[in-house]
Amino acid sequence: MPRPASPQVQIGLFHCVPSIAFVLTTRRTSISYLMLREEGGPVGRVKFQGVLSLPELLWSGGKLQIIRERGMKTRITEMLGIEFPIFQGAMAWVSFPQLVAAVSNAGGLGILAGAMYEPKELRSAIREVKSLTDKPFGVNLLAGSPVIEQSMDVILEEKPAAVTYGIGNPEAIIKRMNRSEVKAIPVIPSVRHALRAEKDGADAMIIEGMEGGGHVGYIGTLPLVPQAADAVKVPILAAGGIADGRGLAAALALGAEGVQMGSRFVVCQESPVPLNIK
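Reading the values: rules and limits
Residues numbered from 1 in each chain as written. Predicted model: local features only at pLDDT ≥ 70, side-chain atom pairs only at ≥ 80, totals over all residues. Heavy atoms only, no water. Pairing = 2+ DSSP bridges. Helix = DSSP H or I, 4+ residues; strand = E, 2+ residues; numbered from the N terminus. Axes fitted to C-alpha atoms, helices over the stretch in contact; angles between N-to-C directions. Salt bridge = Lys/Arg side-chain N within 4 Å of Asp/Glu carboxyl O. Buried < 20%, exposed > 50% of the residue type's maximum accessible area, 1.4 Å probe, protein only. Right-handed = clockwise from strand over helix to strand, strands pointing away. Core = buried A, V, L, I, M, F, W, Y, C linked by side-chain atoms within 4.5 Å. Contact = heavy atoms within 4.5 Å. Polar contact = N/O pair within 3.5 Å; in protein donor to acceptor, adjacent residues only side chain to side chain.

J.: Sorry if this is basic, but what is going on with the sheet that holds strand E9 (residues 162-166) here?
T.: Strands belonging to one sheet form pairs held by backbone hydrogen bonds; the direction of such a pair is parallel or antiparallel. Strands sit in the order E6-E13-E12-E11-E10-E9-E8-E7 across an open sheet of eight strands; the sheet is parallel. Edge positions in the sheet fall to strand E6 (86-88) and strand E7 (110-113), since each has one partner strand and no second. For this sheet, the mean angle separating the axes of adjacent strands, direction not counted, is 25°. With five bridges joining them, strand E8 (residues 137-142) and E9 adopt parallel strand pairing. Note that in E9 the partner of Leu141 across the bridge is Tyr165.

In structure tokens form, the structure reads like this:
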């Protein structure tokens, strides 16, 4: 017997199938999120209070509705004009325009997996994202790609909000992006690389532990993030092994100003991954 279709849940950022309730409280922020919805289960009225508040969530008319006073505010949200400091990590054959636009429309930063496209196809994919959202979004590239120069030409012409990249020396990308409005945000596996990227002119950086699917390094997220936060002045995001609000709260407490999550978004309805894998 086939499994029933997953329910569609939209809670602030996530348009997924969560059954998670969590609260975020750190020394920098105080914010409450509720993400709770079993199939057919009721969701009650919940008050949200805090320095950064989502004042109430309610169950009404068969769907979850969230009323927002304002989103979270960090240097990352201010830099990119997004509501929540949450990036959807680029995943080959998963991060297509539909998923990217859905995340951006919900207040995060959707990121297109640009490395799987030839430059001409990349332009078409970026324009497809633009047709689905008027919110900021990013594009991910591989610094060591044989078509990196042509891909950067497309990026500079199409002007997404940010370009993220890893696996290779990011200096050439940073230098070219610094001459434009596109923010250069490399994926970084160590403090040494973080210091070099900051010196080269990175606008921000994603500090990714070995738990992350990008497989850029060999240091765990938990020890790496605070070391990087202490070492550099630009804002950082944490990545690797983060999948819910506890991970976001931990990242903020460790000195990051946002998170990047990949696998967490695989379960979203806009993800093309088969249901039995989700």
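J.: How do you make sense of the pattern of salt bridges when you look at a structure like this?
T.: Any two side chains of opposite charge can pair, so long as their charged atoms come close to each other. Scanning all chains against the criterion turns up 11 salt bridges. A salt bridge links Glu78 to Lys73; the nearest nitrogen and oxygen atoms lie 3.4 Å apart. The salt bridge partner of Asp200 is Arg196, with a shortest N-O separation of 3.2 Å. Of this pair, Asp200 and Arg196 both sit in helix H6 (residues 191-200), separated by four residues, roughly a single helical turn. Classification of Asp200 as buried rests on a relative accessible area of 7%. For Arg196, a relative accessible area of 42% corresponds to the partly exposed category.

J.: For this particular structure, what's the right way to read the pairing of E8?
T.: Regular strands place their side chains on alternate faces of the sheet. With five of six residues buried, E8 lies mostly within the body of the structure. In this structure, E7 lies alongside E8, joined through four bridges in parallel fashion. Residue pairing in the sheet places Ala113 in a bridge with Asn140 of E8. Each parallel crossover has a hand, and the one from E8 via helix H4 (residues 148-158) to E9 is right-handed.

J.: Whenever I open this one, the nonpolar core confuses me. Can you help?
T.: Within soluble globular proteins, side chains that are nonpolar tend to cluster in buried spots. Of all hydrophobic cores here, the largest spans 56 residues; its most connected members are Leu112, Leu141, Met177, Met205 and Ile207. Considering each element in turn, this core owes the most residues, five residues, to H4. Contacts of Met177, omitting those with residues within four sequence positions, involve Met152, Ile155, Leu156, Val163, Val182 and Ala184.

J.: Honestly, the side chain of Ser190 in this entry has me stumped. Any pointers?
T.: Inspection of the secondary structure assignment puts Ser190 in the loop between strand E10 (183-188) and H6. Of note is the side chain of Ser190, whose polar atom sits 2.5 Å from the side chain of His193. Setting aside residues no more than four positions away along its own chain, Ser190 makes contact with Ile219 and Leu224.

J.: Help me out: how do you make sense of unusual backbone geometry in this one?
T.: With glycine set apart, most residues show a phi of negative sign, and most peptide bonds adopt trans. Phi is positive for Trp93, which is not a glycine, with a value near 65°. Inspection of the secondary structure assignment puts Trp93 in the loop between E6 and helix H2 (97-105). Taking relative accessible area as the criterion, Trp93 reaches 60% and is therefore assigned exposed. Of note in the backbone geometry, Lys159 takes a positive phi value of approximately 55° without being a glycine. Residue classification places Lys159 among the exposed positions, given a relative accessible area of 52%.

J.: Please clarify how the pairing of E7 should be interpreted in this entry.
T.: Residue alternation in E7 divides its side chains into two sets, Gly110 and Leu112 and Ile111 and Ala113, and both sets are buried. With respect to chirality, the unit in which E7 leads through helix H3 (residues 119-132) into the neighbouring parallel E8 is right-handed.

J.: Help me out: how do you make sense of the side chain of Thr77 in this one?
T.: Examined against the element boundaries, Thr77 turns out to sit in helix H1 (residues 75-80). A polar contact of 2.8 Å, which involves the side chain of Thr77, links it to the backbone oxygen of Thr74. When neighbours within four sequence positions are excluded, Thr77 is seen to be in contact with Met72, Ile82, Glu83, Phe84 and Pro85.

J.: Looking at this structure, how should I read H2?
T.: Counting along an α-helix, one turn takes 3.6 residues, and residues three or four places apart therefore face a common direction. For H2, the tally of buried residues reaches seven of nine residues, placing the bulk of the element in the interior. Taken together, the buried positions of H2 are Pro97, Leu99, Val100, Ala101, Ala102, Val103 and Ser104. Where the residues of H2 are buried, they touch E6, E7, H3 and E8. Backbone geometry just after H2 places Gly107 at a positive phi near 115°.

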